[in-house]
Amino acid sequence: MTFHVSNNVAHRVNKHPKPPANPVDYENSVYQRGLQFERPTLSFQTAKWEADALDRMSAESKGYVFGNAGTGETARKNRDAFARWSIVPSRLVKTSALPDLSTEVLGEKHAFPVAVAPVGVQRIFNPEGEVASAAAAGRESVPYIMSTASSTSIEDVAEANGDGVRWYQLYWPANEHNDITISLLSRAKKAGFSALFVTLDTYILGWRPSDMDNGYNPFLRSDKIGVAIGFSDPVFRSQFKEKHGIEIEEDMHTAAAEWTRTIFPGFSHGWEDIAFLQKHWDGPIVLKGIQSVTDAQKAVELGVQGIVVSNHGGRQVDGGVSSLGVLPRIVDAVGDKLDVFFDSGIRAGADIAKAMALGARMCLVGRPFVYGLALGGEEGVSHVLKTLLGDLELTLHLAGIESANPKHLNRAILEREDHL
Ligand SMILES: Cc1cc2nc3c(=O)[nH]c(=O)nc-3n(C[C@H](O)[C@H](O)[C@H](O)COP(=O)(O)O)c2cc1C
Ligand SMILES: O=C(O)C(=O)c1ccccc1
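Residues numbered from 1 in each chain as written. Chains lettered and ligands numbered in written order. Predicted model: local features only at pLDDT ≥ 70, side-chain atom pairs only at ≥ 80, totals over all residues. Heavy atoms only, no water.

*Asks:* Got a minute to help me understand the packing of helix 11 (residues 234-244) against helix 12 (residues 252-263) in this structure?
*Replies:* Orientation of helix 11 relative to helix 12, taken along the N-to-C sense of each, is 120 degrees, at an axis distance of 12 Å. When the axis of helix 11 is compared with that of helix 12, the two are oblique. In the packing of helix 11 onto helix 12, the handedness of the crossing is right-handed. Taking contact as the criterion, the partners of Phe236, Phe240, Lys243 and His244 in helix 11 are, on helix 12, Thr254, Ala255, Glu258, Trp259 and Thr262. Partitioning the contact of helix 11 with helix 12 into residue classes produces four nonpolar, three polar and two charged. (Axes fitted to C-alpha atoms, helices over the stretch in contact; angles between N-to-C directions. Helix = DSSP H or I, 4+ residues; strand = E, 2+ residues; numbered from the N terminus. Parallel < 35°, antiparallel > 145°, perpendicular 65-115°, else oblique. Left-handed = near helix turned anticlockwise from the far one by under 90°. Contact = heavy atoms within 4.5 Å. Nonpolar A, V, L, I, M, F, W, Y, C, P; charged D, E, K, R; others polar.)

*Asks:* In this structure, what is going on with the environment of Arg347? I would like to understand it.
*Replies:* As for its position among the elements, Arg347 is in the loop between strand 10 (339-342) and helix 16 (349-357). Linking Arg347 and Leu388, residues 41 residues apart in sequence, is a C-alpha distance of 7.8 Å. When sequence neighbours within four positions are dropped, the list of residues in contact with Arg347 reads Thr46, Arg79, Arg367, Pro368 and Leu388.

*Asks:* Quick question: what am I supposed to make of the site of ligand 1 here?
*Replies:* Taken together, the neighbourhood of ligand 1 is formed by 21 residues, with Pro118, Ser147, Thr199, Asp343 and Gly345 sitting nearest. Residue Gly120 places a main-chain N or O atom 3.1 Å away from a nitrogen atom belonging to ligand 1. Arg347 places a polar side-chain atom, nitrogen or oxygen, 2.9 Å from an oxygen atom of ligand 1. Starting from 600 Å² of accessible surface for ligand 1 in isolation, the protein chains cover 98%. For the shell around ligand 1, the per-class residue count stands at six nonpolar, ten polar and five charged. (Near = heavy atom within 4 Å. Polar contact = N/O pair within 3.5 Å; in protein donor to acceptor, adjacent residues only side chain to side chain. Areas by Shrake-Rupley, 256 points an atom, 1.4 Å probe, with all protein chains shown as cover.)

*Asks:* Can you help me understand the confidence of the model for the chain in this one?
*Replies:* Low-confidence regions, as indicated by low pLDDT, have predicted coordinates that should not be scrutinised in detail. Here the chain averages 91 in pLDDT, while 91% of its residues score no lower than 70. pLDDT under 50 marks residues 1-26. Its contacts with residues more than four places away, or in other chains, come to 64 contacts. For this predicted complex, the interface score ipTM comes out at 0.99, alongside a pTM of 0.94. (pLDDT = per-residue confidence, 0-100.)

*Asks:* Would you mind going over the site of ligand 2 with me for this structure?
*Replies:* Within the structure, ligand 2 sits among Tyr64, Gly120, Val121, Ala149, Tyr171, Leu205, Arg208, Pro218, Phe219, Phe264, His312 and Arg315. Between Tyr171 and ligand 2, the recorded distance is 2.5 Å, taken from a side-chain N or O atom to an oxygen atom. Side-chain polar atom of Arg315 to an oxygen atom of ligand 2: 2.9 Å apart, as the coordinates give it. Protein chains bury 94% of the 300 Å² of accessible surface belonging to ligand 2 in isolation. Broken down by class, the residue content of the shell around ligand 2 amounts to eight nonpolar, two polar and two charged.

*Asks:* Explanation requested: the pattern of salt bridges in the structure shown.
*Replies:* A side chain of one charge can pair with a side chain of the opposite charge if their charged atoms are brought near each other. Applying the stated criterion across every chain yields a total of 18 salt bridges. Its salt-bridge partner being Asp295, residue Lys298 comes within 4.0 Å of it at the nearest N-O pair. Note that Lys298 and Asp295 are positioned in helix 14 (residues 293-302) at a spacing of three residues, about one turn of the helix. With relative accessibility at 31%, the residue Lys298 sits in the partly exposed group. Its relative accessible area of 27% is what places Asp295 among the partly exposed residues. Between Asp336 and Lys337 there is a salt bridge, with the nearest N and O atoms lying 3.5 Å from each other. The burial state of Asp336 is the same as that of Lys337; both residues are exposed. Several salt bridges converge on common partners, so that one network encompasses Arg139, Glu140, Glu378, Glu379 and Lys386. (Salt bridge = Lys/Arg side-chain N within 4 Å of Asp/Glu carboxyl O. Buried < 20%, exposed > 50% of the residue type's maximum accessible area, 1.4 Å probe, protein only.)

*Asks:* Looking at this structure, I do not really get helix 6 (residues 129-139). What am I missing?
*Replies:* Since there are 3.6 residues in each turn of an α-helix, residues three or four apart along the chain are aligned in direction. Within helix 6, nine of the eleven residues are buried, which leaves the element mostly enclosed by the surrounding structure. Here helix 6 has its buried residues at Gly129, Glu130, Ala132, Ser133, Ala134, Ala135, Ala136, Ala137 and Gly138. Looking at the buried residues of helix 6, the elements they touch are strand 4 (114-116), strand 5 (144-146), helix 7 (154-161) and helix 17 (367-398). Of the residues flanking the end of helix 6, it is Ser141, one or two places downstream, whose phi is positive at about 55 degrees.

*Asks:* Please explain the pairing of strand 6 (residues 166-170) as it appears in this structure.
*Replies:* Along strand 6, five of the five residues are buried, which leaves the element largely enclosed by surrounding structure. The alternating pattern of strand 6 places Arg166, Tyr168 and Leu170 and Trp167 and Gln169 on opposite faces, both of which are buried. Relative to strand 6, strand 5 runs parallel, the two sharing three bridges. Opposite Met146, over in strand 6, you have Tyr168 as the bridge partner. Handedness of the crossover joining strand 5 and strand 6 through helix 7: right-handed. Here four bridges tie strand 6 to strand 7 (residues 195-199), and the two strands are oriented parallel to one another. Looking across to strand 7, one finds that Leu170 is bridged to Val198. (Pairing = 2+ DSSP bridges. Right-handed = clockwise from strand over helix to strand, strands pointing away.)

Here it is, written out as structure tokens:
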């Protein structure tokens, strides 16, 4: 995989077409080439992405992406949980092979243990929105998870993602709209989305004071960009026409409100409903938003292929547990029976290393890529992904992990900082 950061520089200045061949070249490529020639516009300091991106945004967009549920306690806990684990490096570990960050999930090998988390309404942050981020993910060989709340249609995201790996995230309409669910699933399947991520923690938006202060709802914006999937859905369109006798375009406000209620019905499905998705989706199913061992075990009983240990980045239940905090016990209970994905709080390579050492098989990155998108469109998202992966590789390499390969990670490389 050698090497994200240097590749970026090489592409931009076209003076170093060949990526370096081994880890030793890392220093040369990053420190020397990076400093000697034109540098990427975005910083390598991950905290700067957030600061720079928020600086440029409207109060509404800033409140929306940076905002959390309630007091922000869970979002803070998500971050604090990483500092409770520390990596203990091993010395004089001879590396016999090239770096290999690959991991296996859902029966397939992936070059990197990172995916782009589903994030809705990305055109708020950049006019190119999902087209830019799906293209960047495809180019960086990182799976792209497309949100049902996207501001770009399923088909257009697929086209932008090219031959990349893409997975579809479902905001699951209530049972009375099963025909819409079936339509979404069949569109996703036809457009080459190979796995279904079902988000369980957001059947209604959480208590988000920043959005409430701004009177902001991403779906009800006057430009209606948040409802692209509904407005491009043949079943939703024909039902709307049947009910109101007019096309969506003749009363966009009513249509947007109806679509919002369709995918955020305000109440949850039950465990027994998962069978419906298993019947109508031909491929792996992953349940996103799991935080308890009991729920993880129910997922195993139902025979789904994976779970995402996630609290939606602290945006739904304030006062909730940290996502990294509950990861080990969930891995202990079900890690050998399905694939455990992780998100909520990943900001650097070391965070990915820790989550993988605690048993996650792949990490989803949320806000950081949104900041990259806001700052630099496709290039910005590419830069964020490359930086996180370059940082991860170097962290593992210097921690003495053979070939920087996540499969050699386990809890023995971690210490609880408060036990030292
Ligand atoms: C602006 C924004 C929009 C999001 N939209 C969705 C969504 O449409 N579907 C979904 O399942 N999760 C959504 N999420 C949650 C992310 O998929 C992910 O769980 C979370 O961002 C991970 O935490 P992190 O931001 O700390 O990386 C969204 C998160 C943000 C910040
Ligand atoms: O904001 C979110 O967390 C979220 O999941 C979402 C995305 C788009 C529209 C509404 C909610």
